[in-house]
Amino acid sequence: MRIDILCLFPEMFVSPFSHSIVKRAEERGLVQVVAHNIRDYTHDRHGTADDYPYGGGAGMVLKPEPVFEAAEHIGQLTGVDNIPVVLLTPQGRPFTQRIAAGLSEYANLMLICGHYEGIDERVAENLATDEISIGDYVLTGGELAAMVVVDSVVRLIPGVLGSDESVTDDSHADGLLEYPQYTRPERYRGWDVPPILLSGNHGEIAAWRRRQSLLRTAARRPDLLEKATLTDKERAWISDNS
Ligand code: J9Q
């Protein structure tokens, strides 16, 4: 997969992508991530990427021309069209594991990071195929949101994860929160690892973990519980225990 990122601060991607799983995926030839500077596609000598909002108001708006021209230039470089062009914006649909899985199926992906107070709506209307938000909080720009999307998509590409980092056991993979994990020492500052985990009884351990997942999902993320696939018995059990 090739991922092209259009942004105003491409340097922001250097360190994260040279330490994470993305680095390993690139080394294995499974993915190529290229961050482009939208400012390189401006025409005036000051490299003006933003301008005042029509209708007035505070802040600046990212101009459409350099964004369209960057996307078109990169599209020609990669020789592909009909690829997902994702605009990272607080107005987008909430990002989920399902969306990440969908994006991981493509050979190419383009991400557009807005900055300033916003981006000209014609980018959303006529260039982006999708608008995504990573959550309801204010960021300085779309770069951090793009990093989140890249990380979650890249780790779903076949061959990126090692065999002991399987995808299916992760939180959210089955719609429930993960059960609590422990490692050595068995007792730390008087706090003991749940004895069941030391019992060697794999059936009991699996059942305990399942119950823990159900209980903490009910307590912390009841919204997830509604969509998760549970047996009638499990739903009744949760009602009895919370
Ligand atoms: C571009 N806050 O926030 C949440 N997901 C994306 C964003 C975002 C932001 C500012 C600029 C994206």
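Residues numbered from 1 in each chain as written. Predicted model: local features only at pLDDT ≥ 70, side-chain atom pairs only at ≥ 80, totals over all residues. Heavy atoms only, no water.

A. The arrangement of the site of the ligand in detail. Around the ligand, the surrounding shell consists of L88, T89, P90, S133, I134, G135, Y137, V138, L139, G141, G142 and A145. Between the ligand and S133 there is a distance of 3.5 Å, counted from a nitrogen atom to a side-chain nitrogen or oxygen. Starting from 310 Å² of accessible surface for the ligand in isolation, the protein chains cover 93%. Across the shell around the ligand, the residue classes tally to seven nonpolar, five polar and no charged. (Near = heavy atom within 4 Å. Polar contact = N/O pair within 3.5 Å; in protein donor to acceptor, adjacent residues only side chain to side chain. Areas by Shrake-Rupley, 256 points an atom, 1.4 Å probe, with all protein chains shown as cover. Nonpolar A, V, L, I, M, F, W, Y, C, P; charged D, E, K, R; others polar.)

B. Representation of the domain arrangement of the protein chain within the structure. Here the protein chain is described as being made up of domain 1 (2-154) and domain 2 (169-241). Using C-alpha coordinates to define each centre, domain 1 is positioned 37 Å away from domain 2. (Domains from an automatic or database assignment.)

C. Up close: the side chain of E234. Within the fold, E234 resides in helix α9 (residues 232-241). What makes E234 buried here is its relative accessible area of 16%. Within the structure, the side chain of E234 is placed 2.6 Å from the side chain of R210, a separation counted as a polar contact. The residues touching E234, leaving out its near neighbours within four places in the chain, are R210 and L214. (Helix = DSSP H or I, 4+ residues; strand = E, 2+ residues; numbered from the N terminus. Buried < 20%, exposed > 50% of the residue type's maximum accessible area, 1.4 Å probe, protein only. Contact = heavy atoms within 4.5 Å.)

D. Spotlight on the sheet that holds strand β1 (residues 2-7). The strand order across the open sheet built from five strands is β2-β1-β6-β5-β8, with neighbouring strands paired in parallel fashion. A single partner strand is all that each edge strand has here, and the edge strands are β2 (32-37) and β8 (130-133). Strand after strand, the sheet turns through a mean of 35 degrees between neighbouring axes, direction not considered. Note that strand β5 (residues 85-94) and β8 share five bridges and pair parallel. Residue pairing across strands places L87 opposite E131, the latter belonging to β8. (Pairing = 2+ DSSP bridges. Axes fitted to C-alpha atoms, helices over the stretch in contact; angles between N-to-C directions.)

E. Main features of the packing of helix α7 (residues 202-220) against α9. Taken N-terminus to C-terminus, the directions of α7 and α9 make an angle of 60 degrees; their axes are 10 Å apart at the nearest point. With respect to α9, the element α7 is oriented oblique. Here α7 and α9 pass one another in a crossing that is right-handed. Of α9, the residues touching α7 (which contributes R210, R211, L214, L215 and A218) are E234, W237, I238 and N241. In terms of residue class, the contact of α7 with α9 is built from five nonpolar, one polar and three charged. (Parallel < 35°, antiparallel > 145°, perpendicular 65-115°, else oblique. Left-handed = near helix turned anticlockwise from the far one by under 90°.)

F. Up close: a nonpolar patch on the surface. Residues F9, M12, Y137, L139 and L144 make up a contiguous nonpolar surface patch of about 440 Å² in total accessible area. With respect to the helices and strands, L144 occurs in helix α6 (residues 143-154). (Patch = residues over 30% accessible without salt bridge, like charges linked within 9 Å, V, L, I, M, F, W, Y side chains within 5 Å. Salt bridge = Lys/Arg side-chain N within 4 Å of Asp/Glu carboxyl O.)

G. Spatial organisation of the packing of aromatic side chains. All chains considered together, the criterion is met by two aromatic pairs. With a centroid separation of 5.6 Å and 45 degrees between ring planes, the pair formed by F13 and F17 is classed as tilted. Under the relative-accessibility criterion, F13 is labelled buried at 4%. Look at Y188 and W191: their rings are 6.0 Å apart centre to centre, the planes differ by 55 degrees, and that puts the pair in the tilted class. (Phe/Tyr/Trp six-rings, centres within 6.5 Å; stacked < 30°, edge-to-face > 60°.)

H. Focus on the pairing of β1. Within β1, six of the six residues are buried, leaving the element largely enclosed by the surrounding structure. Side chains R2, D4 and L6 of β1 all project onto a buried face; the interleaved residues I3, I5 and C7 project onto the opposite face, where all are buried too. Across six bridges, β1 lies against β2 in parallel orientation. Bridge pairing in β2 links C7 to N37. With five bridges joining them, β1 and strand β6 (residues 108-113) adopt parallel strand pairing. Residue pairing in the sheet places L6 in a bridge with I112 of β6.

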